[in-house]
Amino acid sequence: ISLLLYAEGAESPMLEPGMHSELCDERCRKMQEIFHESPYVALIYASSGSNRVFGSASVVQIDDKPFFLTNNHVIEGALKIWVALYNHAKWKGFYEIYLVGRDPFLDLALLSVPTEMRSDIQTASFGSSAVVGQEVFTLGYPFGVRSVTVGYINNAYRAHSWLFQLTQAPVHVGNSGAPLFDGYHHMVGVTTATVQGSGVMGLVIPIEYVQKILPRL
């Protein structure tokens, strides 16, 4: 793990915001901002003996307490769960964390935030579920590497029919549990899975539905 994430406190080799700005359009600048200025996205590493899984998580707030929100399939069957955080161009972690609650049917899980990390995190701001054609960004850890992608929402959210929204923002292994953002850093959904046979099209749980479920977790 340390080979992927460098040492705790080590600086990221990525470019700082604004570097080579003459080569960067508006979409590029938004991607850079989300990449560098999102201390509410964490890397989850779950181990169940021989099986090891990378995933992503958002920092959410419930009753004034922070928690990590991810997909249930990321941590299902795990014997140990760890978390690492990228903030101010540096890595912090790994810390062992624990399951607080989950909903296997909706594929959501809530995890504890260790005391050592509370001064470094910031809870995500919720927006409204994205509309058809809206540009969205996902920030997560495919293959354990911090990565931001961009795409569009392809269908409308209907509270009493189709639960998921579809997005063309690429979703890869390790993106599960990653937040979906609008252009203003507002969380508009949770990235869940890739649609089989579609290439990179992803399934997203809309934020309105997530907010209804959180108190039950």
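Everything discussed here concerns the structure shown above.
Our subject in this report is the structure included herewith. Here, residues in each chain are numbered from 1, in the same order as that chain's written sequence. The model is predicted, so local features are restricted to residues of pLDDT at least 70 and side-chain atom pairs to those at 80 or more, both for listing and for counting; the totals for chains, interfaces and linings are taken over all residues. Side-chain figures throughout are based on the complete set of non-hydrogen atoms in the structure, without hydrogens or water.

## Digging into the sheet that holds strand 4 (residues 80-87)
In this scheme, strands are said to pair when DSSP sees at least two bridges between them. Here a helix means four or more residues in a row that DSSP labels H or I, a strand means two or more in a row labelled E, and each is numbered from the N terminus. One open sheet holds the seven strands; their spatial order is 5-4-1-2-3-7-6, and the pairing between them is antiparallel. Of all strands in the sheet, those with a lone pairing partner are strand 5 (90-97) and strand 6 (99-103), marking the two edges. Neighbour-to-neighbour, the strand axes of this sheet turn through a mean angle of 30 degrees, independent of strand direction. For strand 6 and strand 7 (residues 108-111), the ladder comprises four bridges, and the chain directions are antiparallel. Bridging across to strand 7, Gly101 finds its partner in Leu110. Axis definition: a line fitted to C-alpha atoms, over the contacting stretch in the case of helices. Angles run 0 to 180 degrees between N-to-C directions.

## What to know about the pairing of strand 8 (residues 135-140)
Looking along a regular strand, one sees side chains alternate from face to face of the sheet. When you tally the buried positions in strand 8, you get five out of six residues, the bulk of the element. Pairing geometry for strand 8 and strand 9 (residues 147-152), over six bridges, is antiparallel. When the bridges of strand 9 are listed, Val136 appears paired with Gly151. Between the antiparallel neighbours strand 8 and strand 9 lie six residues, among them Phe143 with a positive phi of about 60 degrees. In this structure, strand 8 lies alongside strand 11 (residues 179-181), joined through two bridges in antiparallel fashion. Of the residues in strand 11, the one forming a bridge with Phe137 is Phe181. Exposure classes here rest on a 1.4 Å probe applied to the protein chains alone. A residue is buried below 20% of its type maximum, exposed above 50%, and partly exposed in between.

## Focus on unusual backbone geometry
With a phi close to 65 degrees, Asp64 is a non-glycine residue in the positive phi region. On the secondary structure map, Asp64 appears in the loop between strand 2 (51-62) and strand 3 (65-70). Of the residues examined, Asp64 reaches a relative accessible area of 69% and is grouped as exposed. Of note in this structure, His185 is not a glycine but carries a positive phi near 70 degrees.

## Focus on the nonpolar core
Put simply, a nonpolar core is a bunch of buried Ala, Val, Leu, Ile, Met, Phe, Trp, Tyr and Cys residues held in one set by side-chain atoms that sit within 4.5 Å of each other. In terms of nonpolar packing, the biggest core is built from 51 residues, with Ile44, Phe68, Leu69, Ile75, Val83, Leu110 and Leu214 touching the most fellow members. Among the nonpolar cores identified, the runner-up in size contains six residues, and Ala130, Val136, Ile153 and Leu180 belong to it.

## Remarks on the packing of aromatic side chains
Describing an aromatic ring pair means giving the distance of the ring centres and the angle of the ring planes. A pair of Phe, Tyr and Trp rings is counted when the ring centres sit within 6.5 Å of each other, with Trp represented by its six-membered ring. The angle between the planes then sorts it: under 30 degrees is stacked, over 60 is edge-to-face, the rest tilted. Evaluated as defined, the whole model comprises four aromatic pairs. Residues Tyr45 and Phe94 carry aromatic rings whose centres are separated by 6.1 Å and whose planes lie at 70 degrees to one another, so their mutual orientation is edge-to-face. Here Tyr45, found in strand 1 (residues 41-48), pairs with Phe94, found in strand 5; they are 49 residues apart in sequence, far enough to count as distant. Since its relative accessible area comes to 9%, Tyr45 is described here as buried. Each member of the aromatic cluster is reached from another via a ring pair, and the members are Tyr45, Phe54, Trp82 and Phe94. Charge over a ring is defined by NZ of Lys or CZ of Arg lying within 6 Å of the ring centre and within 35 degrees of the ring normal. One Lys or Arg, Arg146, reaches over the ring of Phe35 and ends 5.2 Å from the middle of that ring.

## Quick notes on a nonpolar patch on the surface
A surface patch of nonpolar side chains, about 310 Å² in accessible area, is lined by Phe143, Val145 and Val173. One can find Val173 in the loop between strand 10 (165-167) and strand 11. Patches here are clusters of residues that have more than 30% relative accessible area and form no salt bridge, with a 9 Å joining cutoff for like charges and a 5 Å cutoff for nonpolar side chains (Val, Leu, Ile, Met, Phe, Trp, Tyr). Per-residue and other accessible areas were derived by the Shrake-Rupley procedure at a 1.4 Å probe size, with only the shown protein chains allowed to occlude residues. Definition used for salt bridges: Asp or Glu carboxyl oxygen within 4 Å of a side-chain nitrogen of Lys or Arg.

## Considering the environment of Tyr95
Looking at the element boundaries, Tyr95 is found in strand 5. According to the relative accessible area criterion, Tyr95 is buried, its value standing at 17%. When the C-alpha positions of Tyr95 and Val83 are compared, they lie 5.4 Å apart, and in sequence the two are twelve residues distant.

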